[in-house]
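Overview (structure and organization)
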Amino acid sequence: MSARPRVLPRLTYRFRVLGMGLAALPLAVVLHDLDAGWPAWAWVAATCFAWPHLAYWLAVRSRDPYAAEARNFVIDSVFAGSWLPLMHFNLLPSAVLLTVVTADKVNSGVPRLWLKALPGTLLAMLAVGLATGFAVDYPSRTAVVLACLPILVIHTLAVSANLYRLMRRVQQQNQQLEELARRDSLTGLDSRGHWQSQARRQLERRGSDAPPLTLVLIDIDHFKDINDHFGHAAGDDVLRTLAALVRDTLPPGQVAGRLGGDEFAVLLPLGQAGAKCEAERLREAVQAAVLEGQPGLKFSISLGLAEAPAGGELRDWMEAADQALYRAKHGGRNRTEGRVMD
């Protein structure tokens, strides 16, 4: 039930009031031309002016507003089908009114609703047609044409504006989802997948005369002990602090991401020698960092560097940097090691 939009009755109420109210104009002109009796006029008044409010009341009081509103849409089509024989199937208003009620089904967003409403439309047309003798008068005089213009123009623009609003909302939600996919929610750095896609593009664009580019892998020393002794909230603070230091300490042009856990990766537009100097600056900044609310918590990082090859795969490049990181970890931690790929 939670997946169903309980607000559907409220969203469609104004469109039903607008559509039914505007439908009364061509109906009234045609009924006047036909010199229709009071039952026809009463039926049009009830369906065009009373029904929209009754439909909303029934839907909002229902235990399942979504299902109730879907039934209301079917009833809308039943009423539209009943109008056509009353107008003696006057061609233009008949086509306009059927089109409008179908558009309302599409605008509702309820799957295949227009198709589910079709039998009710046909049955109502048949029942009222039998009662009226299926009288036919197709031509539409100028007054009827003019009476059709408000519902044709105003209702169409209203539905179009609503669809545009919904499309804009979907676009904004898609942008938000894309941003969530691109960003690691904890650190604000690139997510693993987004960082890897950028690294692959960097490799694909590289030629023999490409500027230097170095991959830096970063691992927090004894991160599990930090979580065990200080708690996972403190561990999260450590990750956020490291991410902030990466952004603030390393030079512009960096492409930084969190690969997962306590492992980070950064692309630096520098050769290995220059990248190692920047990596050392980061390592010293981390060593000197003081975490707010955790004055007794100090941490360090180990770093492995590998300069980008002229050709090759991202996996090989990361493996080279990982081997350098392995040497840093097993050489005592809190240090930087590098390796140049052939």
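First, a word on scope: everything that follows refers to the structure included in this document. Numbering of residues starts from 1 in every chain and runs along the sequence as written. pLDDT decides what is reported in this predicted model: residues at 70 or higher carry local features, side-chain atom pairs at 80 or more are listed and counted, and totals for whole chains, interfaces and linings draw on all residues regardless. Excluding hydrogens and water, the side-chain values take into account all heavy atoms of the structure.

**Quick word on unusual backbone geometry**
Spelled out, the test is: Strands are runs of DSSP state E lasting at least 2 residues, helices are runs of H or I lasting at least 4, and numbering of each runs from the N terminus. Exposed residues in this analysis have more than 50% of their type's maximum accessible area, buried residues have under 20%, and partly exposed residues fall in between, with area computed by a 1.4 Å probe over protein chains only.
The backbone of His222 sits at a positive phi, close to 55°, despite the residue not being glycine. Relative to the helices and strands, His222 is located in the loop between β1 (214–220) and α8 (223–230). At Arg333, a residue that is not glycine, the phi angle is positive and equals roughly 65°. Mapping Arg333 onto the fold places it in the loop between α11 (314–330) and β5 (336–340). A relative accessible area of 34% places Arg333 in the partly exposed class.

**Details of empty space enclosed by the protein**
Formally: Using only the protein atoms, space was sampled on a 1 Å grid; points where a 1.4 Å probe fits but cannot get out form cavities, open sets with protein on both sides within 12 Å along at least five of seven lines form pockets, and lining residues are those with an atom within 4 Å of a point. Grid points are joined across faces, edges and corners, and a volume is the space filled by probe spheres set on the points.
One pass over the structure, following the stated rule, counts 1 cavity of 30 Å³ or more. By volume, the largest cavity is sized at about 90 Å³. As for the largest cavity, its lining consists of Arg16, Gly19, Met20, Ala23, Asp76, Trp83, Leu97, Val100, Val101, Asp104, Lys105 and Ile151. Looking at the lining of the largest cavity, the elements that each hand over two or more residues are α1 (8–34), α3 (65–86) and α4 (91–108). Residue contributions to the lining of the largest cavity peak at 5 residues, all from α4.

**Quick word on helix α9 (residues 232–249)**
To keep it simple, the criterion reads: Here the expected span of a helix is defined as 1.5 Å times the quantity of residues minus one. Throughout, a residue-residue contact means that at least one pair of heavy atoms, one from each residue, lies within 4.5 Å.
The end-to-end C-alpha distance of α9, which contains 18 residues, comes to 25 Å, matching closely the 26 Å that a straight helix rising 1.5 Å per residue would cover. For α9, every residue scored as buried is listed here: Ala234, Gly235, Val238, Leu239, Leu242, Ala243, Leu245, Val246 and Thr249. Packed against the buried residues of α9 are β1, α8, β2 (255–260), β3 (263–268), α10 (272–288) and β4 (301–307).

**Examining the packing of α3 against α4**
The condition that has to hold: Each axis is a line fitted through C-alpha atoms, taken for helices only over the stretch in contact, and angles between the N-to-C directions span 0 to 180 degrees. These descriptions rest on fixed angle ranges, namely under 35 degrees for roughly parallel, over 145 for roughly antiparallel, 65 to 115 for roughly perpendicular, and the rest for oblique. Three classes are used: nonpolar for Ala, Val, Leu, Ile, Met, Phe, Trp, Tyr, Cys and Pro, charged for Asp, Glu, Lys and Arg, and polar for all others, with Gly counted as polar.
Direction vectors running N to C along α3 and α4 enclose 175°, while the axes themselves pass 10 Å from each other. With respect to α4, the element α3 is oriented roughly antiparallel. Here α3 contributes Phe73, Val74, Asp76, Ser77, Ala80, Trp83 and Leu84 to the contact with α4, which in turn contributes Ser94, Leu97, Leu98, Val101, Asp104, Lys105 and Ser108. Residue composition of the contact of α3 with α4, by class: 8 nonpolar, 3 polar and 3 charged.

**Brief notes about the nonpolar core**
As a rule of thumb, soluble globular proteins bury nonpolar side chains together. Which entries qualify depends on this criterion: The nonpolar core is taken to be a set of buried Ala, Val, Leu, Ile, Met, Phe, Trp, Tyr and Cys residues, with the residues joined through side-chain atoms within 4.5 Å.
Formed by 29 residues in total, the largest nonpolar core has its most connected members in Ile218, Ile220, Leu242, Leu282, Phe299 and Ile301. Of all the elements in the fold, those that place two or more residues in this core are β1, α8, α9, β3, α10 and β4. Considering each element in turn, this core owes the most residues, 7 residues, to α9. If near-sequence neighbours (up to four positions away) are discounted, Leu242 is found in contact with Ile218, Ile220, Phe264, Val286, Phe299 and Ile301. Counting residues in each nonpolar core, the second largest holds 28 residues, with Val44, Leu84, Leu97 and Met125 among its members.

**Concerning a nonpolar patch on the surface**
For the record, the criterion: Any residue with relative accessible area above 30% and no salt bridge may belong to a patch, with like charges joined within 9 Å and the nonpolar Val, Leu, Ile, Met, Phe, Trp and Tyr side chains within 5 Å. For the accessible areas, the method is Shrake-Rupley and the probe is 1.4 Å, while residue cover comes only from the protein chains on display. Any carboxyl oxygen of Asp or Glu within 4 Å of a side-chain nitrogen of Lys or Arg constitutes a salt bridge here.
Residues Leu146, Leu149, Leu152, Val153, Ile154 and Leu157 make up a contiguous nonpolar surface patch of roughly 530 Å² in combined accessible area. Structurally, Leu157 is set in helix α6 (residues 142–182).

**Some details on the packing of aromatic side chains**
The condition that has to hold: The pairing test for Phe, Tyr and Trp rings, Trp by its six-membered ring, is centres within 6.5 Å, and the orientation test on the planes gives stacked under 30 degrees, edge-to-face over 60, and tilted for anything in between.
Applying the stated criterion across every chain yields a total of 4 aromatic pairs. Relative to Tyr56, the ring of Tyr13 has its centre 4.6 Å away and its plane inclined at 35°; by these criteria the two rings are tilted. Note that Tyr13 is positioned in helix α1 and Tyr56 in helix α2 (residues 38–60), a separation of 43 residues in sequence. Pairing Trp43 with Phe79 gives two aromatic rings, centres 5.4 Å apart and planes at 85°, and the pair type is edge-to-face.

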